Structures are given as structure tokens and as C-alpha cells.
Amino acid sequence: QVQLVESGGGLVQAGGSLRLSCVASGSIFSINFMGWYRQAPGKQRELVARIGRLAITNYADSVKGRFTISRDNAKNTVYLQMNSLKPEDTAVYYCNVDVKSATWDIGNVYWGQGTQVTVSS
């Protein structure tokens with residue numbers, strides 16, 4: 001009923017930039033939070049950034065000043081602009097949305113399939 005399609009991952013050298021996109025489609029009444037998580041090999045999944053309905057943002061300390069999350073509510077899309085990338089940013093990045101499919105719905109969390117970001121030294 002709700003699908004998330006991610007794009008924009010790839011290989012980049014340290015100091016480079018990538019822009020991730022995630023579009024939600026399907027049975028959507030409203031979207032509360034949208035965000036990005038990442039998981040490096042052998043590590044736990046961690047929050048990278050999240051953005052609320054009215055664009056209030058929250059970032060992991062490790063990416064502050066380098067990453068920018070934004071959303072287009074009309075298109076049900078969330079973006080993650082990643083600048084000054086470091087090898088430590090290498091991970092699979094997952095889009096995450098909190099979706100209400102009806103006015104009475106408490107909301108459900110959906111995950112994208114993940115997109116690989118690799119930053120070389």
C-alpha cells in the first residue's frame with residue numbers, strides 16, 4: 001500500500017557530494033516524519049537526519065554542517081544532500097517515513113530498500 005523508492009547512492013571520493021532521494025507513493029493520507037538512517041557493516045542502524053511535517057529538522061552530530069535534509073510535501077519526497085563526504089559515511093542509507101493512510105490511522109513506519117553510499121579515501 002505504501003512504497004518507498006530510493007535513488008542517488010553511489011561511489012564518491014572523500015570530500016565529494018551525493019544527493020539521495022526517496023519518494024513515497026500509495027495509500028497516503030498524510031506523512032509525519034521523514035528521515036534517513038544508515039547502517040555500516042557490523043554496525044547498528046543509526047539515525048542520520050529526520051524532518052517533520054513543518055520542516056523541523058534533527059541531525060546526528062556526525063553529519064551536522066555537512067548534510068541537509070529537506071522534503072517536498074506535494075511530492076511526498078524526502079531528500080538528503082550530502083556534502084563533504086567522509087569514508088566514515090560509507091553505509092547503506094535507508095529512507096524512513098511515518099505514514100497515515102487514513103484520518104483514524106495511528107501511523108505506520110515504512111522503510112526503503114536501502115541505497116549504498118561508498119566514500120573512498
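Here, every reference points to the structure presented above.
Computed from a predicted structure; not experimentally measured.

### Things to note about the nonpolar core
- Within the largest apolar cluster, 30 residues are counted, with the highest numbers of intra-cluster contacts made by Trp36, Leu80, Met82 and Tyr93.
- The set of elements that each furnish at least two residues to this core consists of strand E1 (2-7), strand E3 (18-26), strand E4 (30-39), strand E5 (46-51), strand E7 (67-72), strand E8 (77-82), strand E9 (91-100) and strand E11 (115-120).

### Regarding the environment of Arg66
- Looking at the element boundaries, Arg66 is found in the loop between strand E6 (57-59) and E7.
- The class of Arg66 is buried, set by a relative accessible area of 9%.
- In the structure, Arg66 is positioned 36 residues away from Ser30 in sequence and 29 Å away in space, judged by C-alpha atoms.
- Sequence-distant contacts of Arg66, that is, excluding residues within four places in its chain, are made with Gln81, Met82, Asn83, Ser84, Leu85, Lys86 and Asp89.

### With respect to the side chain of Arg38
- Locating Arg38 in the fold gives a position in strand E4.
- A polar side-chain atom of Arg38 sits 2.9 Å from a polar atom in the side chain of Asp89.
- Among the polar contacts listed, one links the side chain of Arg38 to the side chain of Tyr93, at a separation of 2.8 Å.
- The residues contacting Arg38, other than those within four sequence positions of it, are Gln44, Arg45, Glu46, Val48, Ser62, Val63, Phe67, Glu88, Asp89, Ala91, Val92 and Tyr93.

### What to know about the state of the cysteines
- Counted under the stated rule, the structure contains one disulfide.
- Across the disulfide, Cys22 is cross-linked to Cys95 (sulfur-sulfur distance 2.1 Å). One disulfide, between Cys22 and Cys95, carries an S-S torsion of -85 degrees and so falls in the left-handed class. Of this pair, Cys22 sits in strand E3 while Cys95 sits in strand E9, and the two are 73 residues apart along the sequence. The burial state of Cys22 is the same as that of Cys95; both residues are buried.

### Side note on the packing of aromatic side chains
- Summed over all chains, the structure comprises two aromatic pairs.
- Centroid distance Tyr37 to Trp111: 5.0 Å. Interplanar angle 65 degrees. Geometry classified as edge-to-face. Pair noted here: Tyr37 is in strand E4 and Trp111 is in strand E10 (residues 108-111), with a separation of 74 residues, a long-range link.
- A residue is classified by how much of its surface remains accessible, and Trp111, at 38% relative accessible area, is partly exposed.
- Arg45 extends its terminal NZ or CZ atom over the ring of Trp111, reaching a point 4.7 Å from the ring centre.
- Above the plane of the ring of Phe33 lies Arg50, whose end atom (NZ or CZ) is 3.6 Å from the centre.

The rules we used
The residue count restarts for each chain, going from 1 along the sequence in the order it is written. Residues qualify for local features only when their pLDDT is at least 70, as the model is predicted, and side-chain atom pairs are given and counted only at 80 or more; totals for whole chains, interfaces and linings, by contrast, use all residues. For the side-chain quantities, the full set of heavy atoms in the structure was used; hydrogens and water were omitted. Put simply, buried Ala, Val, Leu, Ile, Met, Phe, Trp, Tyr and Cys residues joined by side-chain atoms within 4.5 Å make one nonpolar core. A simple rule labels every residue: compare its accessible area, found with a 1.4 Å probe on the protein chains alone, to the largest value its type can have, and call it buried under 20%, exposed over 50%, or partly exposed in between. Counting from the N terminus, the helices are the DSSP runs of H or I reaching at least four residues and the strands are the DSSP runs of E reaching at least two. Pairs of residues are marked as contacts when any of their non-hydrogen atoms sit within 4.5 Å. Whenever two N or O atoms come within 3.5 Å, that pair is a polar contact, provided that in protein one can donate a hydrogen and the other can accept it, and provided that, for residues adjacent in sequence, both atoms are side-chain atoms. We call a pair of cysteine sulfur atoms a disulfide when they lie within 2.5 Å. Ring pairs shown here join Phe, Tyr and Trp side chains whose ring centres sit within 6.5 Å, with only the six-membered ring taken for Trp; geometry is labelled stacked below 30 degrees between planes, edge-to-face above 60, and tilted in between. Put simply, a charge is over a ring when the Lys NZ or the Arg CZ is close to the ring centre, within 6 Å, and near the line of the ring normal, within 35 degrees.

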